[in-house]
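Structural overview
Below, each chain spelled out in residue letters.
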Amino acid sequence: MKVILLQDLKGKGKKGQCIEASDGYARNYLLPRKLAVEANADNLNTMRMNDKAAAEKAAKERAEAMEISKKLKAITVTVTAKGGGAGRLFGSVTSAEIAEALKAQHGIAIDKRKIVLDEPIKNVGTYTLKCKLGYEITGELTANIVEG
């Protein structure tokens, strides 16, 4: 019997996949526990529509990530931090502070976990940071750290 899985099943398949299961296994285990539905024409059509909608959503999110990547290349974010003179800062500038400054100055909202700092920023200066935007797209952000 052909069934469409509604959840991931170890050893059987992933959610949304159409598999061939024995009649007894499908009728007595998968269907009563709502782990799968029978693969009739209506359910197959619904599965295809869901796959198509998910693909369109992924393409839209990828295009948005590319757009943000292009914007980030052209801008510089200025972050003010307390310093002790001679170019040294008290503490360090975090990715959360950079994300907050980016939102305030340019209106681009990026999660702080997506901004990659190779090492803590403890000195005044200009730094180039990588931002992981998803879908294997990275953008480069220029951050200018000033003493304030």
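Please read all numbers here as calculations on a predicted model, not as lab measurements.

1. A look at the overall build of the chain
Counting its secondary structure elements, the chain contains three helices and 10 strands. Listing every helix and strand of the chain by position from the N terminus yields β-β-α-β-α-β-β-β-α-β-β-β-β. What you see for the chain is a C-alpha radius of gyration of 25 Å, clearly larger than the 15 Å of a compact globule of 148 residues, by over 25%. In the chain, which comprises 148 residues, the proportion classed as buried is 28%. By sequence separation, contacts in the chain at least 24 residues apart represent 51% of the contacts at least 6 residues apart. Total accessible area on the chain stands at roughly 9900 Å², and carbon and sulfur atoms take up 49% of it. Positive and negative side-chain charges in the chain, numbering 25 and 18 respectively, have mean positions lying 3 Å apart.

2. Section: the sheet that holds strand E5 (residues 83-85)
Strands sit in the order E5-E6-E8 across an open sheet of three strands; the sheet is antiparallel. Across the chains shown, the open sheet's two edge strands, defined by having one partner strand only, are E5 and strand E8 (121-123). Neighbour to neighbour, the strand axes of the sheet diverge by 15° on average, direction disregarded. Across two bridges, E5 lies against strand E6 (residues 88-93) in antiparallel orientation. Bridging across to E6, Gly83 finds its partner in Leu89.

Analysis parameters
- Residues numbered from 1 in each chain as written.
- Predicted model: local features only at pLDDT ≥ 70, side-chain atom pairs only at ≥ 80, totals over all residues.
- Heavy atoms only, no water.
- Helix = DSSP H or I, 4+ residues; strand = E, 2+ residues; numbered from the N terminus.
- Rg over C-alpha atoms; globule rule 2.2 N^0.38 Å.
- Buried < 20%, exposed > 50% of the residue type's maximum accessible area, 1.4 Å probe, protein only.
- Contact = heavy atoms within 4.5 Å.
- Areas by Shrake-Rupley, 256 points an atom, 1.4 Å probe, with all protein chains shown as cover.
- Lys, Arg positive; Asp, Glu negative; His and termini not counted.
- Charge placed at Lys NZ, Arg CZ, Asp CG, Glu CD.
- Pairing = 2+ DSSP bridges.
- Axes fitted to C-alpha atoms, helices over the stretch in contact; angles between N-to-C directions.

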